[in-house]
Each structure stands twice: as C-alpha cells, then as structure tokens.
Amino acid sequence: MYKVLLVEDEVFVRESVKEIIDWEKWGFTVIGEVGTGTEALAFIEREHPHLVITDIVMPEMDGIELLRRTREAGLSTKFVMLTCMNELNYAIQAMEYGATSYILKLSMSVGDLRNTLDKVSKELQEQERTRFHAPAAEAVLPWEQEKEFYQAFENGNTERCKLLLDAMWQRFRQGGVPLATVRHVAERLSETCHRIADQPFRAEDIMETRSIDGLLAHLADNVQRLAARLAKTTGEWTSHPEINKIIAYIHEHYEQDITVKMMARYVIMSENYVSALFRKKTGKNLIGYLHEVRINKAKAYIENTDLPIHEIGRLVGFVNDNYFIRIFKRFTNLTPSQYRELHGKGLPRKKA
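Residues numbered from 1 in each chain as written. Predicted model: local features only at pLDDT ≥ 70, side-chain atom pairs only at ≥ 80, totals over all residues. Heavy atoms only, no water.

> Any chance you could explain the sheet that holds strand β5 (residues 101-104) here in plain terms?
Strand-to-strand pairing in sheets goes through backbone hydrogen bonds, with the strands running parallel or antiparallel. Judged by pairing direction, the sheet is parallel, and its five strands sit side by side in the order β2-β1-β3-β4-β5 without closing on themselves. Every other strand in the sheet has two partners, leaving β2 (28-34) and β5 as the edge strands with one partner each. Averaged over all pairs of adjacent strands, the angle between strand axes in this sheet comes to 20°, irrespective of strand direction. Taken together, the four bridges between strand β4 (residues 78-83) and β5 define a ladder with parallel strand orientation. Across the sheet, residue Leu82 finds its bridge partner in β5, namely Ile103. Sitting on the sheet, helix α1 (residues 11-19) touches β1 (2-7), β2 and β4, and the angle it makes with β2 is about 175°. (Pairing = 2+ DSSP bridges. Helix = DSSP H or I, 4+ residues; strand = E, 2+ residues; numbered from the N terminus. Axes fitted to C-alpha atoms, helices over the stretch in contact; angles between N-to-C directions. Contact = heavy atoms within 4.5 Å.)

> Please clarify how the environment of Asp55 should be interpreted in this entry.
Structurally, the position occupied by Asp55 is in strand β3 (residues 51-55). A relative accessible area of 2% means that Asp55 is categorised as buried. (Buried < 20%, exposed > 50% of the residue type's maximum accessible area, 1.4 Å probe, protein only.)

> Honestly, the packing of helix α8 (residues 179-196) against helix α14 (residues 286-304) in this entry has me stumped. Any pointers?
For the pair α8 and α14, interaxial distance at closest approach is 11 Å and the crossing angle is 165°. By the criterion of interaxial angle, the relationship of α8 to α14 is roughly antiparallel. Handedness of the crossing formed by α8 with α14: right-handed. Residue-level contacts link Arg188, Glu191, Thr192, Arg195 and Ile196 of α8 to Asn296, Lys297, Lys299, Ala300, Glu303 and Asn304 of α14. Across the contact of α8 with α14, the residue classes tally to two nonpolar, three polar and six charged. (Parallel < 35°, antiparallel > 145°, perpendicular 65-115°, else oblique. Left-handed = near helix turned anticlockwise from the far one by under 90°. Nonpolar A, V, L, I, M, F, W, Y, C, P; charged D, E, K, R; others polar.)

This is the structure we're talking about:
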C-alpha cells in the first residue's frame, strides 16, 4: 500500500477527500491528516508518505512552499494540489515544481480522484522500477546538508563533518538507498574535498568499496587525512602573518562582500600599504586573489552539482550574473555553461 497524507485546513474538505473513495481498493492508505503546511512538513520528514494531497492556500506555509521544502529535503514524495478556480495560477506553478496533478475542490468527484490516484500509482511503480538502475544521488541528499559538509571541511571542523556524514548515511539506510547511489554520493563528496585540499583524486578507491558502511568509513578516513593536510598549509601561504590572516579570511568568507578597505581595517593597516604588501607577498592583487578563490569554488560546484549557474555565482559571492560570467571566463577562457559541458559529471542539468 502506498501511504497518503492529507493536508487541508478546512476539516470538512479533508473529511470529504478521505471518505469519497475506497483508498485501499486503489492501493493507497491514508496514514495522516494535518491542517497546516508546517505540521505537514514535519510529518513528511518523519513518515515519508508516498503521496501528499494538499490544499494550495493555507496559513503558516502554503502548498507550494510545502512542495518546495519537501524537494529541498531530498524527498521525491508525489504531490496532488487541491485548489479553487481562482487559485489555478498557483496550481500551474505547483506543476512546475513537480506536482503530479491538481484537483478543483468545488467540483471534485470520485472519478477525478480515481484518475489522479491511477496516475500517481503508475508514476510510483515506474519510480520503483528505475530506482535501482539510475544513481539519482541528487534526489537523496539535500543540497543544504552537502553545502554544510563542505563548509565544515574547509573550516577544519572534522567533528562536524563526521556528524554530518553519519546523518547522511543514516538517511540512506532508512530510505533503502541502493549501494550504487550511495557510491555516487561518496565519490562526489570525496572528489570535492580533494579539490578543496588541492590533492589528486582516485575514483577507483571509491568504486572498489563494496558496502554502504565501507563507503562511510572510507570517506571519513579521507576527510580526516585531507583536513589534516589542509590545516598544515592553511595560514602559511606567505612569510607575512598579516597577509596570511587576510588570505585565511578570504578562504573562510569568500561568499561575503570583501573589499581592500575592509581587509585593511581587519589587520589595522592602511589601504595602500595592504594593497602593495599583498601584491609583493603573493604576486597578485587582493581582489584578483579573491576572484581566483571564488572561481575555484565555482568550478567545484559546477563539476559536482547540478545547481543553476546563477545560483552558483551567488554561492561564491557574485551578486551580478553577468559579472560572474565575465570573471569566470577571464580565469578559464570558458563561460560557466561551457565549462559544465566539458567538466560536468553527467548529472541532470538545470538550465543556466
């Protein structure tokens, strides 16, 4: 039986949906009913229903936001939206986010719900058939969790890295994620850590590991080893401690607004002196060095994620898309999209 959650703030509508059809006859069972999107999100993350039938307009969190947050959590739960005639624009927007269908509340019939359940059932069956053949790693690991892991690694917080890895792997075990998918995730995480630590990466080490727990142990060992090497080099880029302090700040806060004036205040020096000293010790001007760090981060994102180009630009500190593209091309002789075509890992690509 496929599990269903009903989300509707009007109790009589919720009861109508629940009673209108023999759910089990169509292979479904209603396991929960809630009245707000906030309650629904907590329920979804806890119980992982196969299908959520939700009103679009609700207090606290509407149906579209609920769908978006569910996708951000890495869950492929099917959504069917309940809507009124004057809410059809919202329903269409929900379809763009991946909702399976929508039903008009005022004219809802047994036939409408039966046809919708039949469509959802076929999609779920197809999802089950392809689950063990396609390593859809991006569907099982929330991007925010992956991003937090990389940030912890860059900051040398190996304890936090270990906790995040344990949480990821617990999620994989509970969700029955196949070994091939977990291996794909481990490869991406390991390769990105190697890039951050400026170390060569061998995919063979990951591919030869034959169990989910083995992949976790292998990745945890890699993180410890690479973090130690990163810590050994961090802060020792030049012979001048104040320039090293600036460089360390750039590596830790590259996504934030950084100026020469700000860095001069940070190390209590004049702007002109900081600019001249930075060039003398590194052979680069400060803003040029900042751009280099940002572009290297952007390259790692492009190579190892399917994030849109404009979102990557913002993640690494560029608030203007055109400026990001121009600086990226200055360092690589390619636009971000061209770089993805050449160096991407075959992930499904969103339009830039």
